[in-house]
Number of protein chains: 2
Amino acid sequence: MLRSLIFFVAISVSSLIAAQPSEKPGDPGTTRSVILIIGDGFDDQHVTMGRNFLAGHDGRLVIDTLPVRAAVQVQTVGKDTDWVYVADSANTATTLATGITTQMGRVGTSPTDEDLVTIAQRAHAAGFKTGIVSTSSVTDATPASFMSHVSSRGCENPAIILGGELYSVDYEGCPQDAMVNGGPGSIAEQIMNAPIDVVLGGGLKHFTTGDPASGNTPLMMAEGQKITVVTDPAMLTGADANERLIGLFAEGHLPVRLQGSDGRVAEQPDTSTLNKLDWRLGSVTQPDPISCEPNPAYGDTPPLARLTEVALNRLTHNNDKGLFLMVESASIDKESHVRNPCGSLGEIAQLEEVVSVALDYAEAHPQTLIIVTSDHAQAAQIIPEPSLYAEIPVPVYSPGHVARLNMPDGSLMTINYATNGFVSEEHTGANVPLFANGMGDGLLPAFLRQREVHDAMATFLGL
Amino acid sequence: MLRSLIFFVAISVSSLIAAQPSEKPGDPGTTRSVILIIGDGFDDQHVTMGRNFLAGHDGRLVIDTLPVRAAVQVQTVGKDTDWVYVADSANTATTLATGITTQMGRVGTSPTDEDLVTIAQRAHAAGFKTGIVSTSSVTDATPASFMSHVSSRGCENPAIILGGELYSVDYEGCPQDAMVNGGPGSIAEQIMNAPIDVVLGGGLKHFTTGDPASGNTPLMMAEGQKITVVTDPAMLTGADANERLIGLFAEGHLPVRLQGSDGRVAEQPDTSTLNKLDWRLGSVTQPDPISCEPNPAYGDTPPLARLTEVALNRLTHNNDKGLFLMVESASIDKESHVRNPCGSLGEIAQLEEVVSVALDYAEAHPQTLIIVTSDHAQAAQIIPEPSLYAEIPVPVYSPGHVARLNMPDGSLMTINYATNGFVSEEHTGANVPLFANGMGDGLLPAFLRQREVHDAMATFLGL
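Each chain carries its own residue numbering, running from 1 in the direction its sequence is written. Throughout, the order in which chains and ligands are written sets their labels, letters from A for the former and numbers from 1 for the latter. Predicted model: local features are reported for residues with pLDDT of at least 70 only, side-chain atom pairs are reported and counted for 80 or more only, and whole-chain, interface and lining totals are derived from all residues. Working from all heavy atoms in the structure, the side-chain values ignore hydrogens and water.

**Digging into helix α1 (residues 44–55) of chain B**
Residue and element names in this part refer to chain B.
Right, so step 1: Only DSSP runs of H or I with at least four residues qualify as helices, and only runs of E with at least two residues qualify as strands; both kinds are numbered from the N terminus onward. Here a helix's expected span is defined as the number of its residues, less one, multiplied by 1.5 Å. Given a rise of 1.5 Å per residue, 12 residues ought to cover 16 Å, and the 15 Å separating the end C-alpha atoms of α1 matches this to within 8%.
Right, so step 2: Exposure categories follow from relative accessible area, calculated using a 1.4 Å probe and restricted to protein chains: below 20% of the type maximum is buried, above 50% is exposed, and the middle band is partly exposed. Along α1, 10 of the 12 residues are buried, which leaves the element largely enclosed by surrounding structure.
Right, so step 3: Where α1 is concerned, the buried positions are D44, Q45, H46, V47, T48, M49, G50, R51, N52 and F53.
Right, so step 4: The term polar contact refers here to a pair of N or O atoms within 3.5 Å; inside protein, the definition further demands a hydrogen-donor-capable atom paired with an acceptor-capable atom, and it admits residues adjacent in sequence only when both atoms are side-chain atoms. Two or three places before Q45, at the start of α1, stands the capping residue D43, its side-chain oxygen 3.2 Å from that residue's backbone nitrogen.
Right, so step 5: Positioned one or two residues after α1, G56 has a phi angle of 90°, which is positive.

**A short note on the sheet that holds strand β20 (residues 412–417) of chain A**
Residue and element names in this part refer to chain A.
Right, so step 1: For two strands to count as paired, DSSP must find a minimum of two bridges between them. Strand order in the open sheet formed by 3 strands is β18-β20-β19, with antiparallel pairing between adjacent strands. At either end of the open sheet lies a strand with only one pairing partner, and these are β18 (381–383) and β19 (401–406). For this sheet, the mean angle separating the axes of adjacent strands, direction not counted, is 35°.
Right, so step 2: As defined by bridge partners, β18 adjoins β20 across 3 bridges and the pair is classed as antiparallel. For Q381, the partnering residue across the bridge sits in β20 and is N416. Here an axis means a line fitted to C-alpha atoms, over the contact stretch when the element is a helix, while the angle between two N-to-C directions is reported on a 0 to 180 degree scale.

**Points about the relation of the copies chain A and chain B**
In this arrangement, two copies of a chain are superimposed by a rotation about an axis accompanied by a shift along the axis.
Right, so step 1: Copy-to-copy alignment: least squares on C-alpha atoms, limited to residues at pLDDT 70 or above in both. Between the two copies, chain A and chain B, the superposition gives an RMSD of 0.0 Å; the rotation angle is 180° and the shift along the axis is 0.0 Å. Put plainly, the chains are arranged around a two-fold axis.
Right, so step 2: Note on definitions: a residue-residue contact is assigned when non-hydrogen atoms from the two residues lie within 4.5 Å. Taken as a fraction of all interface residues of chain A, those also at the interface in chain B reach 100%, which identifies the copy contact as same-surface.

**Some details on the side chain of A:N420**
Right, so step 1: With respect to the helices, strands and loops of the structure, A:N420 is situated in the loop between β20 and β21 (432–436).
Right, so step 2: In this structure the side chain of A:N420 is engaged in a polar contact, spanning 3.0 Å, whose partner is the backbone nitrogen of A:F422.
Right, so step 3: Setting aside its immediate chain neighbours within four residues, A:N420 contacts A:R339, A:E425, A:E426, B:Y389, B:V396, B:Y397, B:S398 and B:P399.

**What to know about the pattern of salt bridges**
Pairs may arise between side chains of opposite charge once their charged atoms sit close together.
Right, so step 1: Criterion for a salt bridge: a side-chain nitrogen of Lys or Arg within 4 Å of a carboxyl oxygen of Asp or Glu. Summed over all chains, the structure comprises 28 salt bridges over all chains.
Right, so step 2: A salt bridge links B:R449 to A:D58, with the shortest nitrogen-to-oxygen separation between them at 3.9 Å. Taken together, the positions of B:R449 in strand β22 (residues 447–449) and A:D58 in the loop between α1 (44–55) and β3 (68–73) put the pair across two chains.
Right, so step 3: Residue A:R451 pairs with B:D58 through a salt bridge whose shortest N-O separation is 3.0 Å. Highlighted residues: A:R451 in helix α11 (residues 450–461) and B:D58 in the loop between α1 and β3 (68–73), drawn from two different chains.
Right, so step 4: Residue B:D58 is classed as partly exposed on the basis of its relative accessible area of 31%.
Right, so step 5: Each member of the salt-bridge network shares a partner with another, and the members are A:D58, B:R449, B:R451 and B:E452.

**Observations concerning the state of the cysteines**
Residues and elements named next belong to chain B.
Right, so step 1: For this text, the term disulfide refers to a pair of cysteine sulfurs within 2.5 Å. Considering all chains together, one arrives at 4 disulfides over all chains under this definition.
Right, so step 2: The disulfide partner of C292 is C342, and the S-S distance across this bridge is 2.1 Å. Between C292 and C342, the S-S dihedral sits near -80°, and the bridge is therefore left-handed. Of this pair, C292 sits in strand β15 (residues 292–294) while C342 sits in helix α10 (residues 341–364), and the two are 50 residues apart along the sequence.
Right, so step 3: Under the relative-accessibility criterion, C342 is labelled buried at 1%.

**Considering the interface of chain A and chain B**
One frequent convention defines the size of an interface as the accessible area lost when the parts assemble.
Right, so step 1: Opposite the 78 residues of chain A that make contact, chain B presents 78 residues.
Right, so step 2: A quick way to say it: buried area is the sum, across both parts, of accessible area lost when two parts are put together, with a 1.4 Å probe. Approximately 6,100 Å² of surface area, both sides summed, lies buried where chain A meets chain B, with 56% of it carried by carbon and sulfur atoms.
Right, so step 3: Summed over the shared surface of chain A and chain B, the result is 4 salt bridges.
Right, so step 4: Those elements giving two or more residues to the side of chain A that touches chain B turn out to be α1, β3, β5 (83–84), β18, β20, β22 (447–449) and α11 of chain A.
Right, so step 5: Looking at which element gives the most residues to the side of chain A that touches chain B, the answer is α1(A), with 6 residues.
Right, so step 6: Amino acids are sorted into nonpolar (Ala, Val, Leu, Ile, Met, Phe, Trp, Tyr, Cys and Pro), charged (Asp, Glu, Lys and Arg) and polar (every other residue, Gly among them). A per-class count over the side of chain A that touches chain B returns 37 nonpolar, 26 polar and 15 charged.

**Brief notes about the pairing of strand β11 (residues 244–248) of chain B**
All names here are of chain B.
Right, so step 1: When you tally the buried positions in β11, you get 5 out of 5 residues, the bulk of the element.
Right, so step 2: Side chains of β11 alternate between two faces, with R244, I246 and L248 and L245 and G247 buried alike.
Right, so step 3: Bridge count between strand β9 (residues 198–202) and β11: 4 bridges; the pairing is parallel. Bridging from a neighbouring strand, L200 pairs with G247 of β11.
Right, so step 4: By the bridge criterion, 4 bridges tie strand β10 (residues 225–230) to β11 in an arrangement that is parallel. Each bridged residue has a counterpart across the sheet, and for V230 the counterpart in β11 is G247.

**Quick word on the side chain of A:N295**
Right, so step 1: Position of A:N295 relative to the elements: it lies in the loop between β15 (292–294) and α8 (304–316).
Right, so step 2: Sequence-distant contacts of A:N295, defined by excluding residues within four places in its chain, comprise A:P255, A:V256, A:R257, A:L258 and A:Q259.

**Description of the sheet that holds strand β19 (residues 401–406) of chain B**
All names here are of chain B.
Right, so step 1: Read across the open sheet, the 3 strands follow the order β18-β20-β19; overall the sheet is antiparallel. At either margin of the open sheet sits one strand with a lone partner, and together these are β18 (381–383) and β19. Averaged over all adjacent pairs, the angle separating strand axes in this sheet is 35°, with direction ignored.
Right, so step 2: The sheet contact formed by β19 and strand β20 (residues 412–417) spans 6 bridges and is antiparallel. Bridge pairing in β20 links H401 to Y417.
Right, so step 3: Sitting on the sheet, α1 touches β18, β19 and β20, and the angle it makes with β18 is about 55°.

**Side note on the packing of aromatic side chains**
Right, so step 1: Aromatic rings from Phe, Tyr and Trp, taking only the six-membered ring of Trp, are treated as a pair when their centres fall within 6.5 Å; an angle between ring planes under 30 degrees marks them as stacked, one over 60 as edge-to-face, and anything in between as tilted. Applying the stated criterion across every chain, the model contains 6 aromatic pairs over all chains.
Right, so step 2: Taken together, a centroid distance of 5.1 Å and an interplanar angle of 45° make the contact between A:Y389 and B:F422 tilted. Taken as a pair, A:Y389 in the loop between β18 and β19 and B:F422 in the loop between β20 and β21 (432–436) lie in two separate chains rather than in one.
Right, so step 3: When its relative accessible area of 14% is taken as the criterion, A:Y389 is described as buried.
Right, so step 4: Overall, the relative accessible area of 10% leaves B:F422 in the buried class.
Right, so step 5: Through a chain of ring-to-ring contacts, three or more aromatic side chains come together here, namely A:W279, A:Y389 and B:F422.
Right, so step 6: When the ring centre of A:F460 is taken as origin, the NZ or CZ atom of A:R32, which lies over that ring, is 4.3 Å away. Our definition puts a charge over a ring when NZ of Lys or CZ of Arg is within 6 Å of the ring centre and also within 35 degrees of the ring normal.

**Notes on unusual backbone geometry**
Among all residues except glycine, the phi angle is most often negative; among peptide bonds, the trans geometry is most common.
Right, so step 1: Residue A:E385 is joined to A:P386 through a cis peptide bond whose omega torsion reads 0°.
Right, so step 2: Assignment of secondary structure puts A:P386 in the loop between β18 and β19.
Right, so step 3: In this model, B:D113 sits at a positive phi of 70°, which is unusual for a non-glycine residue.
Right, so step 4: Structurally, B:D113 is set in the loop between α2 (89–98) and α3 (119–125).
Right, so step 5: The exposure class assigned to B:D113 is partly exposed, which follows from its relative accessible area of 25%.
Right, so step 6: At B:D262, a position not held by glycine, the phi torsion is positive, near 60°.
Right, so step 7: Its location among the elements puts B:D262 in the loop between β12 (258–260) and β13 (270–271).
Right, so step 8: You can call B:D262 exposed: its relative accessible area is 73%.

**A closer look at α2(B)**
All names here are of chain B.
Right, so step 1: Among the 10 residues in α2, 10 count as buried, and that is most of the element.
Right, so step 2: For α2, the complete set of buried residues consists of S89, A90, N91, T92, A93, T94, T95, L96, A97 and T98.
Right, so step 3: Its buried side turned inward, α2 meets β2 (33–39), β4 (76–77), α3, α4 (141–144) and α11 (450–461).
Right, so step 4: Between the side-chain oxygen of the N-cap and the backbone nitrogen of A90 there are 3.0 Å, and the N-cap of α2 in question is D88.
Right, so step 5: Phi turns positive one or two residues past the end of α2, at G99, with a value near 80°.

**Side note on a nonpolar patch on the surface**
Residues and elements named next belong to chain A.
Right, so step 1: Every patch collects residues that have over 30% relative accessible area and no salt bridge, joining them within 9 Å if they carry like charges and within 5 Å if they are nonpolar side chains (Val, Leu, Ile, Met, Phe, Trp, Tyr). Residue burial considers only the protein chains on display, and all accessible areas are found by Shrake-Rupley using a 1.4 Å probe. Taken together, the side chains of L274, L277 and L281 define a hydrophobic patch exposed on the protein surface, amounting to about 310 Å² of accessible area.
Right, so step 2: Mapped onto the elements, L274 comes out in helix α7 (residues 273–277).
Right, so step 3: Classification of L274 as partly exposed rests on a relative accessible area of 46%.

Rendered as structure tokens:
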């Protein structure tokens, strides 16, 4: 097993860094920083779930104390029609990272497969320090879209980029992007070359997977470059401050903090035989309540707030220009896909802790714009406990999966997942919330499109 | 049939008007007005459905042009626990109207059944003109909560207040509120006595239903009072400007503007026999797309924007103090309950028109605070078309009801309703959006509780 592998070399500045139109803020000479915090799938249902659970029904989340709030329209280019109305994390992160609206599955590429320069790459070229931190594999769609350019999000390593089988289905990969075909390589290979000073999260397996022909892995690319790669959180503090830092703390995504008691997730209500024959008859038994408890698999996984602190400390060292840092709490979405509200709630708590870290940083570095937003809406819905129609003498219940959560005050909050009957729920199409600190006042209007979030960050940094 | 019944008498000032703590705005001598526009069930999924359909995926609604946007936490007092996490229109409208958090079903009453003074009643006592306009029966929960006080929203007329059968279930009514028992009467009776200058909407049947003992109807109470009652929209302009005006343009709720082609609403996907035996096998046929078209039943129903104009004109006449006007687009919610997205979309269009009327008014009367908000979230969700998992060789479909809407640009927007399998969907628990014009800047923070929306309006009016 890899533990604190260390390699050294000069950072190669991506050839992708190209001139784009820029608008300078009022005082371009001032040190300026942007911390973009993405809650994946963190729509208003999830925000409210989090508030109810973490702060109480009359409480406030840290994000609720931020002075600027807006709604962001999520836009996705269709393949057969101009638009589709529900997005994925690849096209939305690409839009946040580049200001360009694109198709689902695309990472840092346009609908016609052009490689798009990301705000992190442009920030680096302009002299800012840059960081990407996530609870997912750093090769997953959201972090990848700030650091790499492939036609399909599945192309995470040098093997799968050539195609094969993914999630038990034939996968075409992104052969035109493969290094063997003269492309920039898989997401993991591009991360090794990306002008990002700090990359922290999961995904080690994609860096140790070799090209099928040569056997060369992305990690091997570190040789001869000034890159410190760590896989042990304890090594984070000792890493050479003058090198790029890549920290990979799980083979895949980082484990989540919370789970349902006995590992339970949302379940289908149990109906009587009579009810199965006629929906107006018989009876229904709702699933027993679930309590949220620590996930044993979480172990000594570094908290996202800790990774954020490490990134901020490193990026601030010897820096008179400023920084661009993207931090993602990725598994709010992933746990909603698998109908595990406790999983999502623990990751909302992680996001909240990151916002606190960012606010502390902004207090010490006042020219810091903090934006918290989501990439797309998700399936979970808070539904009544009991049903609004509980007094009607007919069994009334969700046709999907429900989790009845024990709340700290003894009440029950019921979460419904019913976008499909498959093993993974669908995303949904609502506009998503955006929260910002005072630096966003006057910069971020009350309503904007996702591409305009990118534009506002670029304007703030003078890019 | 009643057509433009006219009665005359002095308006009785409700004995409910009592002193409450007040905070004066900066310049209490200025004429000030509040227009509160409630979209019932108008959560972020519905806002986005409306934007996509009415303005296009890259368009903006009128509400999107408002400079102030906030999120509002919806709070509901439980019966067995401190809180429940999903509300109805009665408790939420009561909170908006009174600043007090209460239980579901309650209209203008506290959890311990005290009658709560509403902002409309307080505004009247302070010399403001007042109006309530809705596309629902004016006795329905939202408008009723600004004008009346009963323990249960079903107590709309002098018969049902004594109990009986409602929606095919035994209903206890609100006997303690009945006039025969010394109470203030049913909602319709209280509206006849309420200090509201203009009341426009539906609900005629509740005003022509008599007390079972005496046969006296609410409409009879107009005799001897200065009240003009009209049931023909053409009579709206000729009504005496010095009297209260009550306009009732339907027996129940006003018909909605749009319907699905062939009257279709969301339907269950049709699955093969094999799929019914094993969810991984067989096939699924999604419902055919639906186009939205005019609802023939709408006929010459007065548009909500027209009713709003009439109310504003009357309330502005001979008024050097200002006004409080609540306008509700009620059937966004009602149509979502019955899984009719075209119905909801037409009523979102009505809300948009009302916002335009209000903005025109505010241009001529700058000290006008316009707030647009929702009372609670609703069941509808925009889901992917096709499924995110369309390439997986397993039939993936909603377990609930879906409507695939033909959009103006030729694309499809699919709406999912899957909170239950009953004839009426559940509300959901997400925080709701709030939009305001510039008068709300500095008055309305980015996050607030529903009671604080009331408080901000009261502060603005100096109540």
